[in-house]
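# A structural walkthrough
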Amino acid sequence: MGGGDKPLRAIGGVSILARAIAALKPQCDRLVLNANGDTTRFAAFGLPVIEDSVPGFAGPLAGILAALDWAATHRPDARFMVSAPADCPFLPEDLVARLDAARAASKAPIAVASSGGEMHPVIALWDVTLRDDLRRALVDDDLRRVRGFITRYPFVTAEWSMTPHDPFFNANTLEDLSVAERLAQSVCPPAVVIIREGG
């Protein structure tokens with residue numbers, strides 16, 4: 001995309017990250033951002049920003065571990081944590097409820113979002129007790145793929161419809177941003193977004 005943080009790119013005048021926060025905030029007790037480097041670039045969102053808790057920029061699994069560690073420290077009563085990438089502008093409003101229902105029905109420690117028959121491993125509900133196993137997988141086994149960790153355990157998927165759009169659409173290219181602009185006008189106009197950057 002020509003550099004910079006993808007989540008800070010605007011769609012319909014609202015950053016992708018602000019859209020993700022607006023979708024997730026009503027569904028969660030607390031939100032935190034995982035980011036490395038200068039965390040002040042996210043200060044306007046008013047959320048705790050946590051860096052990876054293992055060295056070496058180990059990818060999304062390291063971010064999931066950082067969030068599990070944060071939950072264990074700051075919310076020791078929390079049994080589950082949900083993760084989602086910050087470049088998904090149209091996350092569903094029933095994400096957590098449906099993942100939790102799938103988890104409860106199956107008794108699996110991980111519930112993963114799916115759409116169009118495709119699993120989205122980073123969009124998942126995680127049992128907080130997995131954090132020690134995840135740390136070992138990252139540090140001792142050098143595991144880097146989220147799907148590779150998930151498939152070590154019983155897991156369940158929750159399926160979302162692709163109609164009228166994929167709720168897990170993510171913006172990776174400038175062309176994706178153009179597609180997202182068109183989608184935003186039809187399914188999520190800026191007036192619906194209730195969180196503003198800096199407020």
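Look up: the structure comes first, before these words.
Residues numbered from 1 in each chain as written. Predicted model: local features only at pLDDT ≥ 70, side-chain atom pairs only at ≥ 80, totals over all residues. Heavy atoms only, no water.

## A few points about the pattern of salt bridges
Taken as a whole and assessed by the stated rule, the structure comprises 11 salt bridges. Across the pair Asp29 and Arg75 runs a salt bridge, and its minimum N-O distance is 3.6 Å. Linking Asp29 in the loop between helix 1 (16–24) and strand 3 (33–34) with Arg75 in the loop between helix 2 (60–74) and strand 5 (80–83), this pair joins segments that are 46 residues apart in sequence. On the basis of relative accessibility, which here comes to 22%, the residue Arg75 falls in the partly exposed class. Arg75 serves as the salt-bridge partner of Asp77, at 3.1 Å between the closest nitrogen and oxygen. Several salt bridges share partner residues, and in doing so they unite Asp29, Arg75 and Asp77 into one network. (Salt bridge = Lys/Arg side-chain N within 4 Å of Asp/Glu carboxyl O. Helix = DSSP H or I, 4+ residues; strand = E, 2+ residues; numbered from the N terminus. Buried < 20%, exposed > 50% of the residue type's maximum accessible area, 1.4 Å probe, protein only.)

## Considerations on the side chain of Ser83
Locating Ser83 in the fold gives a position in strand 5. Ser83 sits in the buried class, given a relative accessible area of 10%. Residues contacting Ser83, with those up to four places away along its chain left out, are Ile64, Val122, Ile123, Ala124 and Trp126. (Contact = heavy atoms within 4.5 Å.)

## Some points on the packing of aromatic side chains
Scanning all chains against the criterion turns up 4 aromatic pairs. With centroids separated by 5.0 Å and ring planes inclined at 50°, the aromatic side chains of Phe149 and Tyr153 adopt a geometry described as tilted. In this structure, Phe149 and Tyr153 share a single accessibility class: buried. Both rings, one in Trp160 and one in Phe168, keep their centres 5.3 Å apart while their planes meet at 90°; by these two values the pair is edge-to-face. One aromatic cluster is present, built from ring pairs that chain together Trp126, Phe149 and Tyr153. (Phe/Tyr/Trp six-rings, centres within 6.5 Å; stacked < 30°, edge-to-face > 60°.)

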